[in-house]
Amino acid sequence: MAESEFPKLTHRPQWTALADHRAEGQPHLRELFAADPGRAQRYAVRAGDLYLDYSKHLITDETLALLQELATATGVFALRDAMFRGEKINVTERRAVLHTALRAPRDAVIEVDGENVVPKVHAVLDKMAGFADRIRSGEWLGHTGKRIRNVVNIGIGGSDLGPAMAYEVLRPYTARELTFRFVSNVDGADLHEATRDLDPAETLFIVASKTFTTIETITNATSARSWLLKAFDDGGTSHSSEFENGGEKAVAKHFVALSTNGEKVTGFGIDPDNMFEFWDWVGGRYSYDSAIGLSLMIAIGPGRFREMLDGFRLMDDHFRTAPAEANAPLLLGLLGIWYGNFYDAQSHAVLPYSHYLSKFTAYLQQLDMESNGKSVQRGGEPVEWQTGPVVWGTPGTNGQHAYYQLIHQGTRLIPADFIGFARPVGELSGELKAQHDLLMANFFAQTQALAFGKTAEEVRAEGVPEEQVAHRTFRGDHPTTTILAGELTPSVLGQLIALYEHKVFVQGAVWNIDSFDQWGVELGKVLAKRVEPALTQGADVPGLDPSTTALVAAYRTLKNAQEN
Ligand SMILES: O=P(O)(O)OC[C@H]1O[C@H](O)[C@H](O)[C@@H](O)[C@@H]1O
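- Per an unreviewed UniProt entry, the chain goes by Glucose-6-phosphate isomerase and derives from Streptomyces roseochromogenus subsp. oscitans DS 12.976.
- Under the heading Subcellular location (unreviewed entry), UniProt records this for the chain: "Cytoplasm".
- According to the UniProt record, the Catalytic activity (unreviewed entry) comment for the chain is "alpha-D-glucose 6-phosphate = beta-D-fructose 6-phosphate".

Set out below in C-alpha cells:
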C-alpha cells in the first residue's frame, strides 16, 4: 500500500502533534491539580463496576484530545468493530479473533465463514456445566468407584495461566472440599509435587492444550497417565485385564481434554466424549473463558462461571459503545502509548492490592507481551516505534517493601496501575476483615506519594539534617491509574480481564501490529528439539554454535559426574 494511503505511524500529523506536545513539557502533577480543582472528577470514568481514576497522569485536556485523534486516525474503532464482527483480523494466521463470542448471549449471532458460532459456544458451556456438576456432586466416579476429590490441570501458557490465575482470584468462591493443582512446567518436579500426596483413584487430570501438540503438556500428560495406570496396576489386580488394552477404562474416568484438535486428543487415548472443544478463533491467551476454564468451572460452579462471563460481556459492551472520552480500555491503551512512545517508558507495572490477585500480573504478562511484543507491522514492514512494554508487578503491599524504592526514587519512569477493592471478599471476619482498611490505606498512600512526592522544603521543615535532604526528597510526578471496585467477584474479575484484553487491542491497533499471532515463541521450540538428543544421548548435533556446544559438553560432564 502506498504511504499516502497508509502513512507510517510516525509521519502521521497526529503523531507529530503528540511529539511536539511532549516537547513543550508538562507542568508537575502538583501544579496540574492546583490549577484545576475539578481534575479528579473530570479524569475519572466508570466502566461496569470499575471506577477508574486517571487524574494522576502526566496529561492535560490537550494530551487526551491528541491521543484520541491518533486512535481515530489509526483506525482503532474500525478494527474494533471488525473484530467484534468476526472478520479475520489476525492477518498472519488468517483467523478471526472472537474471544468476545465466548461470552456472547445465547441469542447473539456472530458469524465466521458464514456460520453462527454462538450456538457452538453455548453447547460447550452446557456440556462443561453438566460435567462440572457431576464432579462437584460426587456423581462422577473414578475407576475404582471413589469420587473425584482432586483436579489437576495440565497445560502451559494460555492453557495454564488463565485458569490458574482465576482459580486463585476466586478462591473464596471455590468448592473447598476439592483440591486443585495446576501443572505447566516440563520440569518433572512440577507434576511430582502436584501429585505426590494425591490418591490416583480420586484424581482427575484435565489436559488443556489448544493444539494438543505442545511438548510440555503432552509430556506431562503422558507421565500423569503412567502415574495413574501404575497405581491401579499395582494396587488393583481385579482391573488388570483392562490394562492389556492400555487402561482405556481407567483413562476414560480420570482424563478429560480441552482442545481444538479432536484428532490428537483421540490419538492420545482420550474419549471424544471427554473432550471439551474450542476453536481456532480463540487465541491461547484469550481462552480461559472457553473450555480452557473447565477446572475453574468445577471449582466455582457453572453459575459463578456464567457470572464471570457476564462481567466480560459488560466490558465488551462498554468498549464497543462508550464514547472515546469515557472508554476505559481506550484510555488505558492510549495512556500506555503516551508513556511508551513519547516518554520512552520501558515497562508498565500492575500492582494489585489483593492477595487473591497474586497471579494476575503473571497472566497479564502473556496477554500483553505475547500480543504486542512485535517488531513488524501487519503487512510485514519493520516498525520504527516502540511497541509493547515489559509488564511486571506483584501484589501490594509486598512490593512496597521490595522494589517500590525504584519507582519512587529511581531514574526510570514506570507508569503503574493500582487495583484495589472497597470490601474484602467473602470469608474474612473480625481482625482479618479489619486489616482491609490498612491494606487500602497503603493503596491510596502510594499513588499519592508517587504523584505529589515530597519537596526539599517539606523535608527541611521536618528538621531533617541538610546532608540528608536530597536523599529524602521525593520528586513525585510518577503516573498511576487507580482502578477501584466494590468487591472482587467473578463478574468483576471478568470485567478486569476484558479491560486489559481491550487495552492491549487498542495499542496493537495504533502500532499497526498483529496482536493475535505469536511467531516469536517458535524458534526456541525448534531448537529445543534439536538440542535434546545431545543431552540425552550425547549425540552430535550439527549446526550448534560454539557457545552452546561448550555448554552442552559442560552439562554432560556435570550430569555424568552426578550419576557416577
Ligand atoms: O494450548 P497450547 O496449544 O498447548 O499452547 C500453549 C501455549 O504455547 C504456545 O507456545 C504459545 O506461545 C501460547 O500462546 C500458548 O498459549
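On we go.
## Side note on empty space enclosed by the protein
Where empty space is left becomes clear once a probe the size of a water molecule has been rolled over the atoms.
Inference 1: As enumerated under the stated definition, the model contains three cavities of 30 Å³ or more in all.
Inference 2: In this structure, the largest cavity encloses a volume near 70 Å³.
Inference 3: If you go around the largest cavity, the residues you meet are His 57, Leu 332, Leu 335, Gly 336, Tyr 339, His 348, Pro 415, Ala 416, Asp 417, Thr 481 and Lys 503.
Inference 4: Those elements giving two or more residues to the lining of the largest cavity turn out to be helix H15 (328–342) and strand E12 (416–421).
Inference 5: Here the lining of the largest cavity is built from residues that sort into five nonpolar, four polar and two charged.

## Some details on the nonpolar core
Inference 1: Formed by 129 residues in total, the largest nonpolar core has its most connected members in Trp 281, Tyr 288, Ile 298 and Phe 360.
Inference 2: Ranked by residues supplied to this core, first place goes to helix H21 (residues 490–511) with 13 residues.
Inference 3: Mapped onto the domain boundaries, this core takes at least three residues apiece from domain 1 (50–85 + 322–424 + 481–512) and domain 2 (99–300).
Inference 4: Among residues more than four places away in sequence, those in contact with Trp 281 are Ala 96, Val 97, Leu 98, His 99, Ala 101, Leu 102, Val 112, Val 117 and Val 121.
Inference 5: Formed by 23 residues, the second largest nonpolar core is a distinct cluster that contains Ala 201, Ala 224, Leu 228 and Met 275.

## Examining the packing of H15 against H21
Inference 1: At a minimum axis separation of 8 Å, H15 and H21 run at an interaxial angle of 50 degrees. With respect to H21, the element H15 is oriented oblique. The interaxial crossing formed by H15 with H21 has right-handed handedness. Facing H15, whose interface residues are Ala 328, Pro 329, Leu 330, Leu 332, Gly 333, Leu 334, Gly 336, Ile 337 and Asn 341, H21 presents Leu 499, His 502, Lys 503, Val 506, Gln 507, Val 510 and Trp 511.
Inference 2: Partitioned by chemical class, the residues of the contact of H15 with H21 number ten nonpolar, five polar and one charged.

## As for the layout of surface pockets
Inference 1: When its volume is computed, the largest pocket comes out at roughly 1,200 Å³.
Inference 2: Along the walls of the largest pocket sit 41 residues, with Thr 211, Thr 214, Val 521, Glu 522 and Lys 525 positioned nearest its centre.
Inference 3: Where the lining of the largest pocket is concerned, the elements lending two or more residues are helix H9 (215–235), helix H16 (360–372) and helix H22 (522–536).
Inference 4: The element that contributes the greatest number of residues to the lining of the largest pocket is H22, accounting for six residues.
Inference 5: Split into classes, the residues belonging to the lining of the largest pocket amount to 14 nonpolar, 16 polar and eleven charged.
Inference 6: Mapped onto the domain boundaries, the lining of the largest pocket takes at least three residues apiece from domain 2 (99–300) and domain 3 (521–561).

## Comments concerning helix H7 (residues 161–169)
Inference 1: Counting buried residues in H7 gives eight out of nine residues, a clear majority hidden from the surface.
Inference 2: Gly 162, Pro 163, Ala 164, Met 165, Ala 166, Tyr 167, Glu 168 and Val 169 are the residues of H7 that are buried.

## Some words on the pattern of salt bridges
Inference 1: In total, this model carries 29 salt bridges according to the counting rule given.
Inference 2: Salt-bridge contacts for Arg 304 lead to Glu 307; the nearest nitrogen and oxygen are separated by 3.3 Å. Taken as a pair, Arg 304 and Glu 307 lie in helix H14 (residues 302–321) at a separation of three residues, close to a single helical turn.
Inference 3: With a shortest N-O distance of 3.0 Å, Lys 454 and Glu 462 are connected by a salt bridge.
Inference 4: Take Lys 454: its relative accessible area is 25%, and that puts it in the partly exposed class.
Inference 5: You can call Glu 462 exposed: its relative accessible area is 51%.
Inference 6: Taken together, the shared-partner salt bridges connect Arg 103, Asp 289, Asp 316 and Glu 501 into one network.

## Details of the packing of H16 against H21
Inference 1: Where H16 contacts H21, the axes come no closer than 10 Å and their chain directions differ by 20 degrees. Considering their axes alone, H16 and H21 lie roughly parallel with respect to each other. For the pair H16 and H21, the sense of crossing is right-handed. Taking contact as the criterion, the partners of Phe 360, Tyr 363, Leu 364, Leu 367, Asp 368, Ser 371 and Asn 372 in H16 are, on H21, Leu 496, Ile 497, Tyr 500, Glu 501, Lys 503, Val 504, Gln 507, Gly 508 and Trp 511.
Inference 2: The residue inventory of the contact of H16 with H21, partitioned by class, reads nine nonpolar, four polar and three charged.

## Considering the site of the ligand
Inference 1: Neighbouring the ligand are 14 residues, the closest being Ser 159, Ser 209, Thr 211, Thr 214 and Glu 370.
Inference 2: Residue Gly 158 places a main-chain N or O atom 2.8 Å away from an oxygen atom belonging to the ligand.
Inference 3: Between the ligand and the protein, one listed contact pairs an oxygen atom with a side-chain N or O atom of Glu 370 at 2.6 Å.
Inference 4: According to the grid-proximity analysis, the pocket containing the ligand is the largest pocket.
Inference 5: Within the shell around the ligand, the residues separate by chemical class into two nonpolar, nine polar and three charged.

## Some thoughts on the sheet that holds strand E7 (residues 203–208)
Inference 1: In spatial order, the strands read E6-E5-E7-E8-E9; together these five strands make up an open sheet with parallel pairing. Edge positions in the sheet fall to strand E6 (179–183) and strand E9 (275–277), since each has one partner strand and no second. Each strand axis lies, on average, 20 degrees off the axis of its neighbour in the sheet, ignoring direction.
Inference 2: The strands touched by helix H8 (residues 188–195) within the sheet are strand E5 (150–154), E6 and E7, with E6 carrying the most contacts at an inclination of about 175 degrees.

## Brief notes about the side chain of Thr 63
Inference 1: Relative to the elements of secondary structure, Thr 63 occurs in helix H4 (residues 61–73).
Inference 2: Since its relative accessible area comes to 0%, Thr 63 is described here as buried.
Inference 3: A distance of 2.8 Å separates a polar atom in the side chain of Thr 63 from a polar atom in the side chain of His 21.

## A word on the sheet that holds strand E10 (residues 347–352)
Inference 1: Taken in spatial order, the six strands line up as E1-E2-E13-E12-E10-E11 in an open sheet, and their pairing is mixed. The open sheet has two free edges, formed respectively by strand E1 (44–47) and strand E11 (390–392), since each of these has just one partner strand. Neighbour to neighbour, the strand axes of the sheet diverge by 15 degrees on average, direction disregarded.
Inference 2: Across four bridges, E10 lies against E12 in parallel orientation. Bridged to Val 350 within E12 is Asp 417.
Inference 3: On top of the sheet, H16 reaches E10, E11 and E12; it is set at about 165 degrees to E11, its chief contact.
Inference 4: Contacts from helix H18 (residues 430–452) reach E12 and strand E13 (480–485) within the one sheet, and its direction differs from that of E12 by about 155 degrees.

Each value, and the rule that gives it
- The numbers attached to residues start from 1 for each chain and follow its sequence in the written order.
- Local features are withheld for residues below a pLDDT of 70 in this predicted model, meaning they are given only at 70 or higher, and side-chain atom pairs are given and counted only at 80 or more; totals for whole chains, interfaces and linings count all residues.
- For side-chain calculations, the full set of non-hydrogen atoms in the structure is used, while hydrogens and water are omitted.
- UniProt positions are given in the numbering used here, feature names are shortened, and annotations may be inferred rather than shown by experiment.
- Cavity: a set of points on a 1 Å grid over the protein atoms alone where a 1.4 Å probe fits but cannot get out. Pocket: an open set with protein on both sides within 12 Å along at least five of seven lines, its lining residues, like those of a cavity, having an atom within 4 Å of a point.
- Grid points are joined across faces, edges and corners, and a volume is the space filled by probe spheres set on the points.
- Runs of E in the DSSP output that reach at least two residues are strands. Runs of H or I that reach at least four are helices, and both are numbered from the N terminus.
- Under the convention adopted here, Pro, Cys and the residues Ala, Val, Leu, Ile, Met, Phe, Trp and Tyr are nonpolar, Asp, Glu, Lys and Arg are charged, and Gly plus all remaining residues are polar.
- Each nonpolar core is a collection of buried residues, namely Ala, Val, Leu, Ile, Met, Phe, Trp, Tyr and Cys, held together in the definition by side-chain atoms within 4.5 Å.
- The buried label goes to any residue with under 20% of its type's maximum accessible area, the exposed label to any with over 50%, and the partly exposed label to all in between, with areas taken from a 1.4 Å probe on protein chains only.
- Per the annotation, domain bounds derive from an automatic or database assignment of domains.
- For this analysis, residues touch if any pair of their heavy atoms sits within 4.5 Å.
- Angles shown run from 0 to 180 degrees and are taken between the N-to-C directions of axes, each axis being a line fitted to C-alpha atoms and, for helices, limited to the stretch in contact.
- Small angles under 35 degrees read as roughly parallel and large ones over 145 as roughly antiparallel, with 65 to 115 read as roughly perpendicular and the rest as oblique.
- Take the far helix as your reference; a near helix turned counterclockwise from it by less than a right angle gives a left-handed crossing, and one turned clockwise gives a right-handed crossing.
- Think of a salt bridge as a Lys or Arg side-chain nitrogen and an Asp or Glu carboxyl oxygen that are within 4 Å of each other.
- One heavy atom within 4 Å of a molecule or strand is enough for the residue carrying it to be called near that molecule or strand.
- By the criterion applied in these results, polar contacts are pairs of N or O atoms within 3.5 Å in which, for protein atoms, one can donate a hydrogen and the other can accept it, and in which residues neighboring in sequence qualify only through two side-chain atoms.
- More than half of a molecule's atoms lying within 2 Å of a cavity's or pocket's grid points is what places that molecule inside it.
- A pair of strands is treated as paired once DSSP finds two or more bridges between them.

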